[in-house]
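# Observations on the three-dimensional arrangement
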Amino acid sequence: MMSRSGAKQWNRLFPSSLRGLGTNLSFSAVSQRRGIGCIASGATGTNGGVAELSEADTESRLYSWPDNKKPRVCILGGGFGGLYTALRLESLVWPDDKKPQVLLVDQSEHFVFKPMLYELLSGEVDAWEIAPRFSDLLANTSVLFFQDMVKCVRPSDHLGLNGPSKYSCGGTVHLESGLLIEYDWLVLALGAEAKLDVVPGAAEYALPFSTLEDARKVDFWLKTLERRNFGQDSLIHVALVGCGYSGVELAATISERLQDRGVVHAINVETTICPTAPPGNREAALKVLSSRKVQLLLGYFVRSITKVGDAEASEKSTETGAVQGAIEQDVQKYVLELQPAERGLQSKTLEADLVLWTVGSKPLLPQLEPRDRPYDIPLNARGQAETDETLRVKGHPRIFALGDSSSLRDSSGRLLPATAQVAFQQADFAGWNLWAAINGRPLLPFRFQNLGEMMTLGRNDAAVTPSFIDGLTIEGPIGHTARKIAYLIRLPTDEHRLRVGISWLTKTAVDSVASIQSTLTKVLSGS
């Protein structure tokens, strides 16, 4: 049975008051919200493609699509699944009367290429390169973009309105700004958020690392700690919970950044790092972590996180002066209680200046017991929508789900991982299957093809294990170059790929010249 909290969350998304309404919807005013961005690309845009919703416009009202005769596709979530589905729909060839109007909704104004967030901490990339604005990416397309949050969704395709020839309303999306969007086809690609509520103190004191805002916060606190410790002998202690891919890449990046000025303590409940990774990637990561000041605490789980009392911090502030004391008051110390997960290990207490959390995630779809509401979206125990092999939500022929929002198994029965690679491929199939559904063609079953796995290990280091050559792992600078080229190819649009490619080539040339000058200086000074 579903928990009470899960039921409350789902009721907020699918309120019972919406279930009896038809397509002629009438809603009372919702809480007003100033400054909601409404960005439209293509010919329908105003004022350069950007329009602001005034305070008076935030009352509930029905969105007017540009063309009432063409299919309406609403995509919720602008990550890999959502954005790439929209771009796939744009790239396909459509009959003139069947090319759909596509509306993309995301709470952020930036798309984030998450596999390269680590490079923001190392300074290897700029924010615009891996987190461009949706308005820039969609400027030369007919895709519309709304920056908003989803309040609730009312699907009506369970009533049997699934014929390809007549575009009867498939449901309604209610946004936080008060906008009501009727759709014919819906794509759920809302992603996931960090799961911080499993350990006391984690939500209050630990920082996740999965969004652009998370990366900026971590960078801010690292800079604060670096300023505080400048010219001092004390080390910066960073506790990092989780040694999966994200945790290991973060540990490698931060340890390289801190060098001799800090220590990274990586905690993992497993007795090894990256347990699901290919052996070559895992061995390369272990080699890099052992060469830096990374202390691996394997076989432990975090029991609690607490903050050190303010008395000690105030004493330090009086000793180091007013300016340094102000920084000390901003920077706290935290204590992690570690409990052994394996026999033979003793409990530990770890003190850290910064706590980072990379363990677990929860989809942004609430939980539901399908038997109680058969007309709503069926979810699994993790809160993911149950889909068939064509990526359509079971019982809802007008709704597709992909990425973290979907629950789909491979040919061997294993649940597909929530990775960027899976979302890339699902977006391609979702776009094609939407084309097929609108044009009355058969839908294709999704088949995941594992192309290999990659991980960054520093500014000039990475490990790449392609799936098409057994036992091969490309490490070091060559692996780093291969990874960047692979991700450059995967960037959303041709225009953005070109701009980023030129930027990276320029940075590489500058770094090469600087390296040559440094080498020549050392040689000349030595002679």
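No experiment lies behind these values; they were computed from the predicted model shown.

## Quick notes on the overall build of the protein chain
Secondary structure assignment for the protein chain yields 14 helices and 26 strands. By residue count, 50% of the 527 residues in the protein chain fall in the buried class. Residue pairs in contact within the protein chain that sit at least 24 positions apart in sequence constitute 70% of those at least 6 positions apart. Summed over its atoms, the accessible surface of the protein chain is roughly 25,100 Å², and 53% of this surface lies on carbon and sulfur atoms.

## A closer look at the packing of aromatic side chains
Under the criterion given, the structure shown has 17 aromatic pairs. Centre to centre, the rings of Phe113 and Phe424 are 6.3 Å apart; their planes meet at 40°, and the pair counts as tilted. Remark: Phe424 occurs in helix α12 (residues 420-438) and Phe113 occurs in the loop between β5 (101-106) and α3 (118-122); sequence separation between them is 311 residues. Each member of the pair, Phe113 together with Phe424, is buried.

## What about the sheet that holds strand β25 (residues 461-466)?
Pairing is antiparallel in the open sheet, where three strands are placed in the order β24-β25-β26. The open sheet has two edge strands, β24 (452-458) and β26 (474-475), and neither has a second partner. Looking at chain direction, β24 and β25 are connected through six bridges and run antiparallel. Bridge pairing in β25 links Met454 to Val464.

## Quick look at a nonpolar patch on the surface
A cluster of nonpolar side chains, contributed by Phe468, Ile469 and Leu472, occupies part of the molecular surface with about 300 Å² of accessible area. Relative to the helices and strands, Leu472 resides in the loop between β25 and β26.

## Thoughts on the side chain of Arg282
Within the secondary structure layout, Arg282 lies in helix α9 (residues 279-291). Once you skip the residues sitting within four places of it in the chain, Arg282 turns out to touch Thr272, Ile273, Cys274, Pro275 and Ala277.

## Side note on the pattern of salt bridges
Opposite charge on two side chains permits them to pair, given that their charged atoms come into close proximity. In this structure the tally under the stated criterion is 21 salt bridges. Lys287 serves as the salt-bridge partner of Glu475, at 3.0 Å between the closest nitrogen and oxygen. In this pair, Glu475 sits in strand β26 while Lys287 sits in helix α9, placing the two residues 188 residues apart along the sequence. In this structure, the salt-bridge partner of Arg497 is Asp494, at a minimum N-O distance of 2.1 Å. Placement of both Arg497 and Asp494 in helix α14 (residues 494-526) is noted, with a separation of three residues, approximately one turn of the helix. One network of salt bridges, in which partners are shared, links Asp219, Lys223, Glu226, Arg257 and Arg261.

The rules behind these values
Residues numbered from 1 in each chain as written. Predicted model: local features only at pLDDT ≥ 70, side-chain atom pairs only at ≥ 80, totals over all residues. Heavy atoms only, no water. Helix = DSSP H or I, 4+ residues; strand = E, 2+ residues; numbered from the N terminus. Buried < 20%, exposed > 50% of the residue type's maximum accessible area, 1.4 Å probe, protein only. Contact = heavy atoms within 4.5 Å. Areas by Shrake-Rupley, 256 points an atom, 1.4 Å probe, with all protein chains shown as cover. Phe/Tyr/Trp six-rings, centres within 6.5 Å; stacked < 30°, edge-to-face > 60°. Pairing = 2+ DSSP bridges. Patch = residues over 30% accessible without salt bridge, like charges linked within 9 Å, V, L, I, M, F, W, Y side chains within 5 Å. Salt bridge = Lys/Arg side-chain N within 4 Å of Asp/Glu carboxyl O.

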